[in-house]
Structure formats: C-alpha cells, structure tokens
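# Residue-level structure breakdown
One-letter residues, chain by chain:
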Amino acid sequence: MRGDILWLALEETTSTNAIVREEVMAGRAKEAVCWAKRQTQGRGRLGRIWQSPEGGLYFSWAVPVGGWPPVWLQPLAGLAVLDVWREHSGPAQAWAQPAAEVGLKWPNDIIVRVRGAERSQERKLGGILSEYLTQSIGGPHAIVGIGLNLNTEIHLPEEDTAKRALPPISWKQITGKDHSPEEIAQALYEALRRRLDAMGASGEHASATLREAWAAACWTLGSEVRVLRPDGGQIEGCAVDLAEDLSLVIEDTHGQRHTLTAGDCLHLRPTS
Ligand code: BTN
C-alpha cells in the first residue's frame, strides 16, 4: 500500500485493468494502481487484443467516482499522458527524431506526428481504455488503463509501415533513450491525480478547463476524418466539434452533421 492506495508493480500479469478491477470489486482497495512490464491478456478498445510485449508500460488506475462525470476520465488520461511526456522527454533538440510532436486523436489514442520532407506522418504511441464499475464495494469506480510503447523495440518492414493507417512508434524511438517504467508509472499517477483534483470534487471545473484543454490537444478537431462505426458503417467529413459527452461531431460534404459516440477514427489529411 502507498497511503490508502493499493500499488502493484509487476513484471508480468494478465491485464492490469483486470487486476485493479478484481481488487476494487472484492473491496480490498478503495483506490488501486497496477502497472506491469508485460501483459499476457492485454485488452484494447472494442474488444480487441492489446499486444503487450516487453519494453512497453501497461498501467491501470481504479478510482472511486466522485461527483464528476466518469466520461471525463478518458480525456483526462490523454492529457495526463501528454503532461508526463512533456516532463520526461527532455529538450526536442536532443531527440533522435526532433521533428516529432505528440498529441491526441479521438477518442483515445496518443499519437505522434513526424514531419517529413513532403508530408507529416502520424504514428501511435499509446492508447487508453476506460471502464466503469457500478457494482463495486464502496460505490462506483472508474478504471483507466493506459498502454504505452515506452522502450518497445518496433521492427516493422517499411512496406508494412506504409500500409498501416497508424503504425506504432515508441518513446525511445523519438527521444533516442530508455525511459524508466517505474518513474513513468509514478509520474502517470501524479499527473492523473493532479488533473482529477483540478476538475473539482463534483466536476464543476470540468467543462471550463478539461474540455478546452482536450479540444486544444486533440488533433482530430479540424481534420478531415473517416470514422468506422462499431456497427460497420462509416462517415467521412470534417471533425468540427466535441459534444459535452465527448462525442465527435462530423460535418459531411452535404453540410449534414453526425454525432458519433464511438468508432475508429482515421485522419485523412492531418491539419498543419
Ligand atoms: C486501445 O485500444 O487503443 C486502448 C488500449 C489500452 C491498453 C491498456 S494496457 C493497460 C491496460 N490493461 C489492459 O488490458 N488494457 C489497458
């Protein structure tokens, strides 16, 4: 335990989200963090597998839901990852890839834009999976799971990289150095906690601060996008707004607006 928080640092586990879930469901902890260096059953969004090899950082935090809307935990986590990136990446001039920028893609990706001679390319640095538990002992909990390609060795043949919509990249590939998973896990927790506290006990500052900050960091807004919906349909257009519940508002070429709560978003022509 670290104070009132159950803190588990593991070499390997099934899924860190599953571990913190078990702990709070059983009432063994009110608040729990679990991070691991490998996962054998890592889970991604929309029921996908999250490949979790050595070198990555797999982090989950279960926290009792206060008066704040649980839907805000996912964007809050994206901003917290950006905070940690800024605090721990060092000066860009010293990076192996100084032309890289880090930002967010709706709904839950941490992405990197690598500026090339002709056009910039986007790559995936990490993802976020949030869940809500209404039946846990001691009241409802939210879980936020963050998977980061930290020191991961990524060897994708050039032709595979070109074919993928969002090929992976690691922090190490950008900065050119190894990052301590212990330090980054601790920093993630602190950044999440700071951002959560800033939202106010009942989320009264959420729309004023968090929504604006997220809209500024989310490169999807203003981009031409194609969103593949979970039902198999797809919508193409310009991402023009974020609704209060973080649904993405897309305007198609006929000027018709569509509000999407979930889906896979592809930036067709990234802004700038
Ligand atoms: C995505 O699909 O992009 C989100 C992936 C989130 C993966 C993280 S890794 C830590 C936590 N444990 C899991 O099993 N999943 C999340």
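Each remark here, short or long, concerns the structure printed above.
In short, a report on the structure. (Residues numbered from 1 in each chain as written. Predicted model: local features only at pLDDT ≥ 70, side-chain atom pairs only at ≥ 80, totals over all residues. Heavy atoms only, no water.)

### Quick word on the site of the ligand
Test applied: Whether a residue is near a molecule or strand depends on its heavy atoms: if one lies within 4 Å, it is near. For this analysis, a polar contact is any N or O atom pair within 3.5 Å, provided that within protein one partner can donate a hydrogen and the other can accept it, and provided that sequence-adjacent residues contribute only side-chain to side-chain pairs. The protein chains shown are the only cover counted for residues, whose accessible areas, like all others here, come from Shrake-Rupley with a 1.4 Å probe. Helix and strand labels come from DSSP, where a helix needs a run of H or I of at least four residues and a strand needs a run of E of at least two; each type is numbered from the N terminus. Residue type decides the class: Asp, Glu, Lys and Arg count as charged, Ala, Val, Leu, Ile, Met, Phe, Trp, Tyr, Cys and Pro as nonpolar, and the leftover types, Gly among them, as polar.
Around the ligand, the structure places 21 residues, and the nearest of them are S15, Q39, R43, R45 and K124. Take Q39: an N or O atom from its side chain is 3.0 Å from a nitrogen atom of the ligand. Between a nitrogen atom of the ligand and a main-chain N or O atom of R43, the distance comes to 2.7 Å. Look at the ligand: alone it shows 410 Å² of surface, and the protein chains cover 97% of it. Examining the composition of the shell around the ligand, we find that 4 residues originate from one element, strand β6 (residues 121-133), more than from any other. In terms of residue class, the shell around the ligand is built from 6 nonpolar, 11 polar and 4 charged.

### Description of the layout of surface pockets
As a reminder of what qualifies: The rule is simple: put a 1 Å grid over the protein atoms alone, call a set of points where a 1.4 Å probe fits but cannot get out a cavity, call an open set with protein on both sides within 12 Å along at least five of seven lines a pocket, and count a residue as lining if it has an atom within 4 Å of a point. Grid points are joined across faces, edges and corners, and a volume is the space filled by probe spheres set on the points. Source of the domain bounds: an automatic or database domain assignment.
Counted as a void, the largest pocket has a volume near 1300 Å³. Mapped onto the lining of the largest pocket, the elements with two or more residues apiece are α1 (16-25), β3 (57-64), β6, β7 (141-148), β8 (224-228) and β12 (264-269). At 6 residues, β6 tops the list of elements feeding residues into the lining of the largest pocket. Classifying every residue of the lining of the largest pocket gives 21 nonpolar, 18 polar and 11 charged. Three or more residues apiece are contributed to the lining of the largest pocket by two domains, here domain 1 (5-213) and domain 2 (221-269). Taken as a whole, the second largest pocket holds about 280 Å³ of empty space. Forming the walls of the second largest pocket are 17 residues, and the residues nearest its centre are V71, Q74, P107, S130 and T261. Every element with two or more residues in the lining of the second largest pocket is listed here: α2 (73-88) and β6. Here the lining of the second largest pocket gets 4 residues from one element, more than from any other, and that element is β6. Of the residues assigned to the lining of the second largest pocket, the class counts are 11 nonpolar, 4 polar and 2 charged.

### Looking at the pairing of strand β2 (residues 31-39)
Formally: Only protein chains enter the accessibility calculation, which uses a 1.4 Å probe; a residue is then buried when its area is under 20% of its type maximum, exposed when over 50%, and partly exposed in between. Two strands pair under a simple rule: DSSP has to find at least two bridges between them. A clockwise path from the first strand over the helix to the second, with the strands pointing away from the viewer, defines a right-handed crossover.
Counting buried positions along β2 gives 8 out of 9 residues, so the element sits mostly inside the fold. As defined by bridge partners, strand β1 (residues 5-13) adjoins β2 across 8 bridges and the pair is classed as parallel. Looking across to β2, one finds that I5 is bridged to E31. This β-α-β element, β1 to α1 to β2, shows right-handed connectivity. In this sheet, β3 lies alongside β2 in antiparallel orientation, the contact comprising 5 bridges. Looking across to β3, one finds that V33 is bridged to W61.

### Considering the environment of I154
Under the convention used in this document: Contacts are assigned to residue pairs that have any heavy atoms within 4.5 Å of one another.
Considering the arrangement of structural elements, one finds I154 in the loop between β7 and α3 (158-163). I154 sits 110 residues away from G44 along the chain, and the two C-alpha atoms are 19 Å apart. Setting aside anything within four residues of it in sequence, one finds I154 in contact with N149, P168, I169, S170 and Q173.

### Topic: the pattern of salt bridges
Applicable threshold: Definition used for salt bridges: Asp or Glu carboxyl oxygen within 4 Å of a side-chain nitrogen of Lys or Arg.
Taken as a whole and judged by the stated rule, the model has 22 salt bridges. A salt bridge links D197 to R193; the shortest N-O distance between them is 3.0 Å. Taken as a pair, D197 and R193 lie in helix α5 (residues 181-198) at a separation of 4 residues, close to a single helical turn. Owing to a relative accessible area of 23%, R193 belongs among the partly exposed residues under this scheme. R229 is the partner of D231 in a salt bridge, and the nearest nitrogen-oxygen pair spans 3.2 Å.

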